[in-house]
Amino acid sequence: MAEYSLSNRKVLVSNKEMTFSERLYLPAIMKGMGVTLKHFFGKKVTYIHGKDLRNYSSTYRGLHVLKRDDEGRERCVACGLCAVACPAEAITMVAAERLPGEEHLYREEKYAAIYEINMLRCIFCGLCEQACPKEAIYLTDRLVDVELTRKDFIYGKEDLVEKMDNRIDISNRQHH
Amino acid sequence: MGLEALLIEKTIIVVIVFIVTLTIAAYSTYGERKVAAFIQDRIGPNKAGPFGLMQPLADGMKMLMKEDFVPQQANKFLFHIAPGLSMLTALMVSAVIPWGKTLMIGGRSISVQVTDINIGILYVLSVVSLGVYGIMIGGWASNNKYSLMGALRASSQMISYELPMGLSLIALLMVTGTMSFNEIAAQQSGWNGMQWNIVYQPIGFVLFLVCAFAEANRTPFDLPECEAELVGGYHTEYSSMKLGFFLFAEYAHMFVSSAIISTLYFGGYNFPGINTLYHILPHNIVTLIGIGVLMIKTLFFIFLFMWVRWTIPRFRYDQLMNLGWKRMVPIAIVNIIITAGVVLLFDK
């Protein structure tokens, strides 16, 4: 039978008798200890939790943001497409009508009075972002904080809507 | 008066040795985790206190808080005393180790050793072989097949490796001509503290080291607990501080074994230039340096134990037995014959 190898990395297994030095075990053990000693003084690969940040993809899908337009008005019109698109059913909202005098707060006549995302349900797939016709919701490279109770993982508008003095850059996710 | 003073000083030494052994055993668990982590390119425990130095305390707390479970069909009495027995035998060995030369306090010369019995090596061999009782009783009393397998392995392994250990010590005894640890340590102060027994007994040292690994149930001879085959081996059914005691006994055993290896083969408290220093510096200070040197040697061997553990896998059971009976015993006997010949030729 011919021996073909596509990778040239094929190694034939042999059951040959061990040589004298192999039967002594010690030379092989010393060699192994040399390897581990090299690692002992080698560079550590640990990311320290809370101190180091891992390298994230530029299009990382983390904590959501509800965007405002450049004049500071909420873009969301509470159409509910994100909630419909959401496979984990993590999004709930209650719509309300914009009253006269609120034009500087909301971009269009309808807005979300309540907008909640349950971060324990969310699978961070980004379908809400794709469904949104108003470019109002985006996933960012921020992480969801650690909380002590399940209730605290339900993020409301106060957590999600961006502040005008601390705008969230989402340009990396604006690929469409 | 003399007897009372002796009692007091021995009590103090016993308490200090006890505390030091337990502390080092506790910090060995921390050291083990750090060494494991470093070898695997990780950092290891670093959250409890600076550099994670409070980790042994946290581990101990965790062990104490856990549910203390006793299997229904277990032999309650034996189940309870087994961990204590392991711990006892591990600690008892430290009684004969000479930690330093002598301290001069109030005109009295106090040897830094709990007791200098003239059959020190026999004492060590016998107590160490008692150590298997803790494991055997624990495994038997658990009434669990895995525990029993672990106990069986422990006892047969202990018997197999006690033999080459004893034989390698016979060769050492031919060189030293005494069984007292104190005298063996004192003999090695020749050549200004460099006349260590490793020079005379290199093969004996390797044999003894391998046997010490087997006696302490450390990788590659940790078949009694062998997680991959026997769940947890002899301590499968143990939980809470009883499990903690078993693990702790292993580290205490490791510390004592390391101290014995250092004393028998690596000059004990002797270090290069010790005799010159005794002329220059005050007596007590040099003795304290000697104690420190012995500690450093001991810690190195503890590190060696860990280093080996995280380097090589454990033996298969037949390999273990082959190594013990077909390699170690013959090599030990040849070593004895060669040593005897050399002693006969040169000492006369």
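Look above for the structure.
Residues numbered from 1 in each chain as written. Chains lettered and ligands numbered in written order. Predicted model: local features only at pLDDT ≥ 70, side-chain atom pairs only at ≥ 80, totals over all residues. Heavy atoms only, no water.

### Here's the deal with the overall build of chain A
To keep things clear, this is the line we draw: Secondary structure is summarised from DSSP: a helix means a run of H or I of at least four residues, a strand means a run of E of at least two, and numbering begins at the N terminus for each. For this measure, only C-alpha atoms enter the radius of gyration; the expected value for a globule follows 2.2 Å times N^0.38, where N is the number of residues. Only protein chains enter the calculation, and the probe is 1.4 Å; a residue is then buried if its accessible area is under 20% of its type maximum, exposed if over 50%, and partly exposed in between. Two residues qualify as a contact provided that any one of their heavy atoms is within 4.5 Å of a heavy atom in the partner residue. Per-residue and other accessible areas follow the Shrake-Rupley method at a 1.4 Å probe size, with only the shown protein chains counted as cover for residues. Under the convention used here, Asp and Glu are negative, Lys and Arg are positive, and both His and the chain ends fall outside the count. In this description, the location of a charge corresponds to atom NZ of lysine, CZ of arginine, CG of aspartate or CD of glutamate.
When helices and strands are counted, chain A shows 5 helices and 5 strands. In chain A, the succession of α and β elements from N to C terminus is α-α-β-α-β-β-α-β-β-α. By the compact-globule yardstick of 16 Å for 176 residues, chain A is too spread out, its C-alpha radius of gyration being 28 Å. If you line up chain A on its principal axes, its C-alpha atoms span 95 × 45 × 30 Å. With 176 residues in all, chain A has 32% of them scored as buried. For chain A, restricting intrachain contacts to residue pairs at least 6 apart in sequence, the fraction spanning at least 24 positions comes to 71%. Surface exposure of chain A reaches about 12600 Å², of which carbon and sulfur atoms provide 54%. For chain A, the centre of its 27 positive side-chain charges and the centre of its 26 negative side-chain charges are spaced 11 Å apart.

### Points about the environment of B:Val127
Mapped onto the secondary structure, B:Val127 falls in helix α4 (residues 120-141). For the pair B:Val127 and B:Ser258, spaced 131 residues apart in the sequence, the C-alpha separation amounts to 15 Å.

### Overview of the nonpolar core
Here is the rule we go by: Only buried residues count toward a nonpolar core, which is a set of Ala, Val, Leu, Ile, Met, Phe, Trp, Tyr and Cys residues joined through side-chain atoms within 4.5 Å.
Among the nonpolar cores identified, the biggest contains 89 residues, and B:Trp99, B:Tyr161, B:Phe221, B:Ile260 and B:Leu264 are the most heavily contacted of them. The greatest single-element share of this core, amounting to 12 residues, is contributed by helix α13 (residues 283-309) of chain B. Once residues within four sequence positions are removed from consideration, B:Phe221 is found in contact with B:Gln157, B:Tyr161, B:Val210, B:Phe213, B:Ala214, B:Phe315, B:Leu320 and B:Leu323. Of all hydrophobic cores here, the second largest spans 23 residues; its members include A:Cys76, A:Met119, A:Cys122 and A:Cys132.

### Focus on the side chain of B:Asn270
Residue and element names in this part refer to chain B. Note the threshold: The definition of a polar contact used here is a pair of N or O atoms within 3.5 Å, where within protein one atom must be able to donate a hydrogen and the other to accept one, and adjacent residues in sequence count solely through side-chain atom pairs.
On the secondary structure map, Asn270 appears in the loop between α11 (240-265) and α12 (274-280). A polar side-chain atom of Asn270 sits 2.8 Å from the main-chain carbonyl oxygen of Ala185. Apart from residues lying up to four places away in sequence, Asn270 is in contact with Ala185, Gln188, Ser189, Gly193, Trp196, Val293 and Lys297.

### Examining α4(B)
Structurally, the α-helix is built with 3.6 residues per turn, so residues lying three or four positions apart point the same way. What counts, and what does not: Here a helix's expected span is defined as the number of its residues, less one, multiplied by 1.5 Å.
Look at α4(B): 32 Å from first C-alpha to last across 22 residues, which is about the 32 Å you get at 1.5 Å a residue. Of the residues trailing α4(B), B:Asn143 is marked for its positive phi of about 55 degrees.

### Notes on the interface of chain A and chain B
Test applied: Reported buried area values correspond to the accessible surface (1.4 Å probe) lost by two parts on association, with both partners' losses combined. Polar here means any residue other than Ala, Val, Leu, Ile, Met, Phe, Trp, Tyr, Cys and Pro, which are nonpolar, and Asp, Glu, Lys and Arg, which are charged; Gly is therefore polar.
Contacts between the two partners involve 16 residues from chain A and, on the opposite side, 20 residues from chain B. Interface area, chain A with chain B, both sides summed: about 1700 Å², of which 72% is carbon and sulfur. If you sort the residues of chain A by the area they bury against chain B, A:Tyr25, A:Met33 and A:Phe40 come out on top, with a joint share of 35%. One can count 7 residue pairs in polar contact (both at pLDDT 80 or more) joining chain A with chain B. For the side of chain A that touches chain B, the element with the highest residue contribution is helix α2 (residues 26-40) of chain A, accounting for 8 residues. Looking at the side of chain A that touches chain B residue by residue, the class counts come to 8 nonpolar, 5 polar and 3 charged.

### Some thoughts on the sheet that holds strand β3 (residues 110-118) of chain A
Residues and elements named next belong to chain A. Put simply, the test is: Pairs of strands are assigned from DSSP output, requiring at least two bridges between the strands.
Spatially, 3 strands are ordered β2-β3-β5 in an open sheet, and the strand pairing comes out antiparallel. Strands with a single pairing partner mark the edges of an open sheet, and in this sheet they are β2 (91-97) and β5 (154-155). As judged from the 7 bridges shared by β2 and β3, these two strands associate in the antiparallel manner. What sits directly across from Val94, in β3, is Ile114.

### Observations concerning the packing of aromatic side chains
Residue and element names in this part refer to chain B. In plain terms, the rule: What counts as a ring pair is set by centres within 6.5 Å for rings of Phe, Tyr and Trp (its six-membered ring), and what kind of pair is set by the plane angle: stacked under 30 degrees, edge-to-face over 60, tilted for all other angles.
Within this structure, the stated rule accounts for 22 aromatic pairs over all chains. Taken together, a centroid distance of 5.5 Å and an interplanar angle of 70 degrees make the contact between Phe300 and Phe301 edge-to-face. Phe301 sits in the buried class, given a relative accessible area of 4%. Here the aromatic cluster, defined as three or more aromatic residues joined through ring pairs, consists of Trp196, Phe205, Phe208, Tyr265, Phe266, Phe300 and Phe301.

### A look at helix α9 (residues 202-215) of chain B
Residues and elements named next belong to chain B. Its 14 residues give α9 an end-to-end C-alpha distance of 20 Å, which sits within 8% of 20 Å, the value for a rise of 1.5 Å per residue. Taken across its 14 residues, α9 has 11 buried, putting it largely inside the fold. Listed as buried for α9 are Gly204, Phe205, Leu207, Phe208, Leu209, Val210, Cys211, Ala212, Phe213, Ala214 and Glu215. Tucked inside the fold, the buried residues of α9 contact α4, α5 (145-176), α8 (197-200), α11, α13 and α14 (317-347). Just past α9, the residue Asn217 takes up positive phi, approximately 55 degrees.

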